[in-house]
Amino acid sequence: MFDLKQHRTPKLGEALVITAIIFVLLGFPMIAIENMTPHIPVLISIVFLILYGLIHKVKFIDLQESMIQSVTTSMGAIYLFFFIGILISVLMMSGAIPTLMYYGLMIISSKTFYLSTFCITAIIGISIGSSLTTVATLGVAMMGLSHAFGLNSAITAGAIVSGAFFGDKMSPLSDTTGIAASIVGVDLFEHIKNMMYTTIPAFVISAITFSVLSPWKEVGNLESVAQFQTDILSTGLVNGYALLPFVLLLVFSIFKIPAVVSIILTSIASLLLAQIQTAYSFQEIGQILFAGFSKEGVPESIASLIQRGGIQSMFFTITIVILALSLGGLLFGLGIIPTLLESIAHLLVSPSRATICVVVTAVGVNFIVGEQYLSILLAGKTFKPVYDKLNLHSKNLSRTLEDAGTVINPLVPWGVCGVFITSMLGVSTLQYGMFSVFCYSSLLLTIVFGFTGITLTTKSE
């Protein structure tokens, strides 16, 4: 984005004022207005910057070009989301995701309830690539078990959030994972592999914590979990061989096959498996690929888990990406962000300082705006040139964006994820936040690695 033509060079004071106004325009609607989608505040901010540019005699065609060029730089992400939507549909059709959920539920244990909750939500989170869907379905079920067993609701909610966002962070089906990789030009699977340096230790720390906190005695029964498994089994989608697509994804990742190619090949394999089980017509296949998988007679308890996917399900993500990139293009084209970066350029001379600046920016956007997409998009586009200048591989940046962006939003009381989780689980953000061990462990580890240089790689490595 720094290749964009800069049409103005505002003074630092003016740049700070415009930045503050943008934060207010983005943050106030998200905080003050219930169920406000991020699209409207971003669009309002774009309109404000266009008017600001016109007042300062910048031609509209130049402003438009800044937005277009910015969006063009991340067209790979937009194409990726189309294919992810299709992949989710065919993984449902073939039974891959339902089968993974069915076997995952077998690890639940009342003696190690918090640990089991963390592990099972992590498995489901990876399999469906959506933290909020995991929270709204399996998370609600686990909260019901927690109440029945007389266990601590805050700890249970913390375990659910930790597992769900571990899965969201590490799943190739996750939109935030795709955004973080694409926004800085890193292959999706290379990004996921590099995240293991902070994610695996954070997972271990979380697992140990929830093991210690678990009751280690029999409490109640597991009838609810058994019913959940029965409901999944009743769909007729559970088959051992249905896990083959996940094996293929893993193999493609090991051999560093490009993400889009891996997703296409896995989608084809999944579609063939689905056809073996059920002879879908071309009309049905087309409808499922666009609108998502659906099946009659699916129990209500698992309907939102099973009936999802499709190109249509990606429209929310694609549209916010386009709008946010347009906003970023205007901020650069009007010289706002370049002026701010130039003011701190003397500080960004080492990997540790660059890491801290990315962390502060991503966390700051999360808490000011309450939106994880924008924290990833704005911080990623802003600091990509800094990492290039320091000869640091962009996968270091994409990892930090996830550690300080994706997993922090559920800890923000007024954030999109924080508000949603509280409404679903009935536990306030402040209550479950202290037990969301995975979220703040990831943040602390990325700061430590940034300061020490451990796991940070240069472009030549």
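Only a predicted model underlies this, so the values are computations on that prediction, with no experimental measurement involved.

Rules behind the numbers
Residues numbered from 1 in each chain as written. Predicted model: local features only at pLDDT ≥ 70, side-chain atom pairs only at ≥ 80, totals over all residues. Heavy atoms only, no water. Helix = DSSP H or I, 4+ residues; strand = E, 2+ residues; numbered from the N terminus. Rg over C-alpha atoms; globule rule 2.2 N^0.38 Å. Buried < 20%, exposed > 50% of the residue type's maximum accessible area, 1.4 Å probe, protein only. Contact = heavy atoms within 4.5 Å. Areas by Shrake-Rupley, 256 points an atom, 1.4 Å probe, with all protein chains shown as cover. Phe/Tyr/Trp six-rings, centres within 6.5 Å; stacked < 30°, edge-to-face > 60°. Domains from an automatic or database assignment. Buried area = accessible area lost by both parts, 1.4 Å probe. Disulfide = S-S within 2.5 Å.

1. Re the overall build of the protein chain
Of regular secondary structure, the protein chain possesses 23 helices and 0 strands. Against the 2.2 N^0.38 benchmark of 23 Å for 461 residues, the protein chain shows a C-alpha radius of gyration of 22 Å, consistent with a compact globule. Across its three principal directions, the C-alpha atoms of the protein chain cover 65 × 50 × 45 Å. Buried residues in the protein chain amount to 58% of all 461 residues. In the protein chain, of all internal contacts separated by at least 6 residues, the share reaching a separation of at least 24 is 79%. Accessible surface computed for the protein chain: about 18,100 Å², of which carbon and sulfur atoms make up 68%.

2. Description of the environment of valine 298
Looking at the secondary structure, you find valine 298 in the loop between helix 14 (282–291) and helix 15 (303–306). With relative accessibility at 14%, the residue valine 298 sits in the buried group. Residues within four places of valine 298 in sequence aside, it is in contact with Thr235, Ala303, Ile306 and Gln307.

3. Considering the packing of aromatic side chains
Applying the stated criterion across every chain yields a total of 7 aromatic pairs. An angle of 75 degrees between the planes, with centres 5.3 Å apart, marks the rings of tyrosine 102 and tyrosine 103 as edge-to-face. Take tyrosine 103: its relative accessible area is 37%, and that puts it in the partly exposed class. Their ring planes at 40 degrees and their centres at 4.8 Å tell us that phenylalanine 118 and phenylalanine 203 sit as a pair that is tilted.

4. Here's the deal with the domain arrangement of the protein chain
Along its sequence, the protein chain is organised into domain 1 (12–75 + 316–452) and domain 2 (79–314). Using only C-alpha atoms to locate each centre, domain 1 and domain 2 end up separated by 27 Å. Taken together, the contact pairs 45 residues of domain 1 with 49 residues of domain 2. Interface area for domain 1 against domain 2, summed over the two sides, is near 4,000 Å², with a carbon-plus-sulfur share of 75%.

5. A closer look at the side chain of threonine 134
Structurally, the position occupied by threonine 134 is in helix 7 (residues 131–149). Looking at threonine 134, the relative accessible area reads 0%, which means it is buried. When neighbours within four sequence positions are excluded, threonine 134 is seen to be in contact with Thr121, Ile124, Gly125, Ile128, Gly139 and Ala164.

6. Description of the state of the cysteines
With the rule as written, the count across this model stands at 0 disulfides. The thiol of cysteine 439 is unpaired, and the distance to the nearest cysteine sulfur, on cysteine 417, comes to 9.5 Å. Since its relative accessible area comes to 0%, cysteine 439 is described here as buried.

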